[in-house]
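Structural overview for review
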Amino acid sequence: MAMPADTNAAGDIFGGWVLSQMDLAGGIAAGQRASGRVVTIAVDQMKFIRPVHVGDVLCVYSRIGRVGTSSMEVQLEAWALRHRFGNREKVTQATFTMVAVDEDGRPRPVPKDCS
């Protein structure tokens, strides 16, 4: 839930807070697909569509796109549930690129089988 401490001078939620929540969600999805630790290496096509307000619940949805040897694209959409109980509106979308890494932080292969 977006809280007053997360606002900018205009009273809207900081875009950086929204980005952070999306990074967490993308990392969870990518980590599941990679069966281990992942790191974010790029954020592309970030589009802020509508502001997020104090009291909105941010819902982030992910889909794994292209999977390479060690990297994968994660498509993310953030939707705001207005005032905790109101209408849902799409507020942000982006493509994150995540890389699977080993315990030393070096790239490692993403398993071919995602089961």
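We now turn to the structure provided with this report. Note that this is a predicted model, so its numbers are computed, not measured. (Residues numbered from 1 in each chain as written. Predicted model: local features only at pLDDT ≥ 70, side-chain atom pairs only at ≥ 80, totals over all residues. Heavy atoms only, no water.)

1. Observations regarding the overall build of the protein chain
Looking only at helices and strands, the protein chain features 1 helix and 4 strands. Going from the N terminus to the C terminus, the protein chain shows its helices and strands as α-β-β-β-β. For the protein chain, the C-alpha atoms occupy an extent of roughly 45 × 25 × 20 Å along the three principal directions. A total of 115 residues make up the protein chain; the buried ones form 35% of that total. Taking the intrachain contacts of the protein chain between residues at least 6 apart in sequence as the baseline, contacts between residues at least 24 apart amount to 66%. With the model as given, the accessible surface of the protein chain reaches about 6,600 Å², and the carbon-plus-sulfur share is 53%. Separation of charge centres in the protein chain, based on 13 positive and 12 negative side chains, amounts to 5 Å. (Helix = DSSP H or I, 4+ residues; strand = E, 2+ residues; numbered from the N terminus. Buried < 20%, exposed > 50% of the residue type's maximum accessible area, 1.4 Å probe, protein only. Contact = heavy atoms within 4.5 Å. Areas by Shrake-Rupley, 256 points an atom, 1.4 Å probe, with all protein chains shown as cover. Lys, Arg positive; Asp, Glu negative; His and termini not counted. Charge placed at Lys NZ, Arg CZ, Asp CG, Glu CD.)

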